Amino acid sequence: MNHFNKFRQNVLILVITTTFLPTAISASLFVVLAKQLDNMPIAIIGSVLLLLILLITFNIFLYNSIIKPLDAIWKAVWHISPGKSEIPPPSIENIHLGHDMVSSIVMQIYDLASTNKLQTDQDKDNEISKVILDSLPIGLLIFDKESQLKLVNSHGATLCGQSKDDLVKKNIYEILNLSFDNENTLDKWLADASANKITDETHWDNVKLDAGDNSKRLDISAKYSKNDSVGNELILVLAEKTDYYSSQEKSISYVSMAVHELRTPLTMLRGYIELFEEEISDQLDEEHLSFMRKMSATSQNLNAIVSNILNVSRINENEFNLQLSEDNWDTVLREIINSMELRAKVRQKHITLDISPNLPTVGIDKISMYEVVVNLVDNAIKYSGQSDTITVSSRLANDGNVETVVKDDGPGIPTSVVGGLFTKFYRSHRSKDTVGGNGLGLYIVKSIVTAHGGQVWVKSKEGQGSEFGFTIIPYANLEEAKANGQDTIVRQANGWIKNHSLYRR
Amino acid sequence: MSDQASPNPKKILCIEDEFFISELYERALKKSGHQVTTALNGQDGLQIAQTNTYDIVLLDLMVPGMTGMEILRILKDPSQSPGFNSKVIITTNLDQNDETRAELEAQADAYIVKATITPKELASFIDKVA
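These numbers come from a predicted model, not from an experiment.

Draft legend 1. Representation of the overall build of chain A in the model. The number of helices and strands found in chain A is 16 helices and 15 strands. Relative to its full complement of 505 residues, chain A shows a buried share of 26%. The long-range fraction of contacts in chain A, counting pairs at least 24 apart against all pairs at least 6 apart in sequence, stands at 62%.

Written out as structure tokens, the structure is:
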């Protein structure tokens, strides 16, 4: 401001000196010369010359003290103007009169310009942030200390079923009508956080949001900051998972639920039968003991049928997933046959095992392979007629795979029906009349063995018994083994155990 | 019976809503020398598991109050269940979808289909897990 006052004084002095002073001096000179020399022409010439000299001198002074500073200021303004970057910056070194004022104004111009640029850049950043927030596929809602909405992105507004303008300034509970499946609600968490915490974070899965006519399923993450520097006390991130949770609910299919409903009483039956065998078998005579064993074997059979129904459903829905791990086939096969001895015994059958020594380890899903053998041996028990021996053998086949064969000496199968045996619901006319069954067992056997990369086959002739065989690939030949997968889960016939030391390699 | 006694008796919590099944499990496991507590719903089971120390938690996936999966998540989250380090064996008769199966394999220590295993077999299964 001082510089500007000084400049005003200079301008005033200059106006006076450049207008009145040369005129006054020249007029005085004219009067003096006219009196002294009494020569009018010389007096006029002399005073005019003096006037010219004075005018030139004063105008140079005027140029240096006004025009040059104004020029420098003008250049500074142009230099910082948008699109005028080719204009050079002003040079204030050559300004002697008013140098301080000019440099001060120019500096202020540049300061203002940089402040303005900062603001413009900030506006640009805000615009970019806004675009990014609005393009996010998740909802973002920010609430202030009064739990009123400060900011919402486009997806958040869509989830809430209202426009952004309608939402802003509304209370959180006017905006979000949420239903939680347990007592750990947003309301409870927020009350606790605001009462006891400076900052807190949490997450909820599968929260129901009622928004107008439809409801959505969300995963919600929340952050609470009591003393947030810009007043963002609560930030909510909403991820819509409606499709995911719906499909998860649907994926517990009718068959799965039916299987669950059948298995629950079956679990109880098997448990109580076992309890009776344990606790009262020594009080029973041989006939009642055999009844007990038949009950037990029948409950095992029923369990196998239920598993078959579930497996067919999985195969049909393309959800039959195997998890192969390295196993000793000798051990696995013995385990399975042991578990079937009761079922054979109650039907007066005897299972003979013949396993070649030194079989390579195989890559199998043990639960599924259990069902392959159970189905084949169950068939042999059912269809072997008067013959009382079933032979299960395993050896290394010529192609390098492990081959297992279940052989009975029953009536055999007519050649005409052999081709359809592995088809779903297939049952030969003769077996339909004589033996119960649903025609799913061999279909499941083929599906499971094929999924393991192996093959199934049948060899039978009427009157000469039947042989059902399947192959499994040695573990070392599996692509999975070559990929060096490190299994940490050991599968057993009834489930799995993680990191089981007995089975770890 | 001495031949049924577990070589390594355990403290076991059984979260199972079907009374007949929990009764059978409790009886068979006690007979094997284990110490057994039973919870018939999810909330009670969770609260007992969080406030006591067990070697094994048998967890049914379909229990009233809370799902077994929710209980498993809470028990395996150190911020919600500090100090919980029991082994969790999932006991279920329900077929699992891929997502649930993957989560169970990540979180649980073992898994059994109840209908495929008798209470006595469960006792020997527990000996393998623990």
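Back to the write-up after that little detour.
Draft legend 2. The packing of helix 12 (residues 366–383) of chain A against helix 15 (residues 441–451) of chain A, seen in detail. All names here are of chain A. Direction vectors running N to C along helix 12 and helix 15 enclose 145°, while the axes themselves pass 9 Å from each other. The way helix 12 lies across helix 15 gives a crossing that is left-handed. Contacts between helix 12 and helix 15 involve Ser368, Glu371, Val372, Asn375, Leu376, Asp378 and Asn379 on the former and, on the latter, Gly441, Leu442, Ile444, Val445, Ile448 and Val449. Classifying every residue of the contact of helix 12 with helix 15 gives 7 nonpolar, 4 polar and 2 charged.

Draft legend 3. Representation of the confidence of the model for chain A within the structure. Residues and elements named next belong to chain A. Overall, the predicted model of chain A reaches an average pLDDT of 80, with 85% of residues at or above 70. Between residues 484–488, whose pLDDT stays under 50, and residues either more than four places distant or in other chains, the model counts 4 contacts. Overall, residues 499–505 carries pLDDT values under 50, and its contacts beyond four positions in sequence, including any with other chains, amount to 7 contacts.

Draft legend 4. Looking closely at the nonpolar core. Core analysis: the biggest nonpolar cluster contains 43 residues, and Ile15, Val57, Leu58 and Leu59 of chain B have the highest contact counts within it. The biggest single contributor to this core is helix 1 (residues 19–31) of chain B, with 5 residues. Once residues within four sequence positions are removed from consideration, Ile15 of chain B is found in contact with Ala39, Gly42, Gly45, Val57, Leu58, Leu59, Asp60, Val63 and Ile71 of chain B. If you look at the next biggest cluster of nonpolar residues, it comprises 37 residues, including Leu324, Val372, Val373 and Val377 of chain A.

Draft legend 5. Geometry of the sheet that holds strand 4 (residues 199–211) of chain A. Residues and elements named next belong to chain A. Strand order in the open sheet formed by 6 strands is 2-1-6-5-4-3, and the pairing between neighbours is antiparallel. The open sheet has two free edges, formed respectively by strand 2 (149–152) and strand 3 (177–179), since each of these has just one partner strand. Within this sheet the neighbouring strands show an average axis-to-axis angle of 35°, counted without direction. Sheet topology places strand 4 next to strand 5 (residues 214–225); 11 bridges connect them, and they run antiparallel. Within the sheet, the bridge partner assigned to His203 lies in strand 5 and is Ser221. Where helix 7 (residues 186–196) meets the sheet, its contacts fall on strand 3, strand 4, strand 5 and strand 6 (234–240), and the angle it forms with strand 5 comes to roughly 10°.

Draft legend 6. Just helix 3 (residues 99–135) of chain A, in detail. With 37 residues, helix 3 of chain A extends 53 Å between its outermost C-alpha atoms, agreeing within 8% with the 54 Å of an ideal straight helix rising 1.5 Å per residue. For helix 3 of chain A, the set of buried residues is Met101, Val102, Ile105 and Val106 of chain A.

Draft legend 7. Layout of the packing of helix 1 of chain B against helix 5 (residues 119–129) of chain B. All names here are of chain B. One way to put it is that helix 1 packs onto helix 5 with a least axis distance of 8 Å and a crossing angle of 55°. If you check the angle between helix 1 and helix 5, you find them oblique. Seen from above, helix 1 lies across helix 5 with right-handed handedness. Contact residues: helix 1 offers Leu24, Tyr25, Arg27, Ala28 and Leu29, while helix 5 offers Pro119, Lys120, Leu122 and Ala123. Here the contact of helix 1 with helix 5 is built from residues that sort into 7 nonpolar, no polar and 2 charged.

Draft legend 8. Local environment of the pairing of strand 10 (residues 389–396) of chain A. Residues and elements named next belong to chain A. Pairing between strand 8 (residues 350–355) and strand 10: 6 bridges, direction parallel. Paired with Ile351 across the strands is Ile390, a residue of strand 10. Judged from the 7 bridges that link them, strand 10 and strand 11 (residues 402–408) form a sheet pairing that is antiparallel. Residue Thr391 lies in a different strand from strand 11, and its bridge partner there is Lys407. Remark: 5 residues form the turn of the hairpin made by strand 10 and strand 11, two consecutive strands paired antiparallel; Gly400 in that turn has positive phi of roughly 90°.

Draft legend 9. Just the environment of Trp329 of chain A, in detail. On the secondary structure map, Trp329 of chain A appears in helix 11 (residues 329–345). Among residues more than four places away in sequence, those in contact with Trp329 of chain A are Leu359, Val362, Ser394 and Val402 of chain A.

Rules used throughout
Residues numbered from 1 in each chain as written. Chains lettered and ligands numbered in written order. Predicted model: local features only at pLDDT ≥ 70, side-chain atom pairs only at ≥ 80, totals over all residues. Helix = DSSP H or I, 4+ residues; strand = E, 2+ residues; numbered from the N terminus. Buried ≥ 20, exposed ≤ 12 C-beta atoms within 10 Å, placed from the backbone. Contact = placed C-beta atoms within 7 Å. Axes fitted to C-alpha atoms, helices over the stretch in contact; angles between N-to-C directions. Left-handed = near helix turned anticlockwise from the far one by under 90°. Nonpolar A, V, L, I, M, F, W, Y, C, P; charged D, E, K, R; others polar. pLDDT = per-residue confidence, 0-100. Core = buried A, V, L, I, M, F, W, Y, C linked by C-beta atoms within 7 Å. Pairing = 2+ DSSP bridges. Expected span 1.5 Å × (residues − 1). Parallel < 35°, antiparallel > 145°, perpendicular 65-115°, else oblique.

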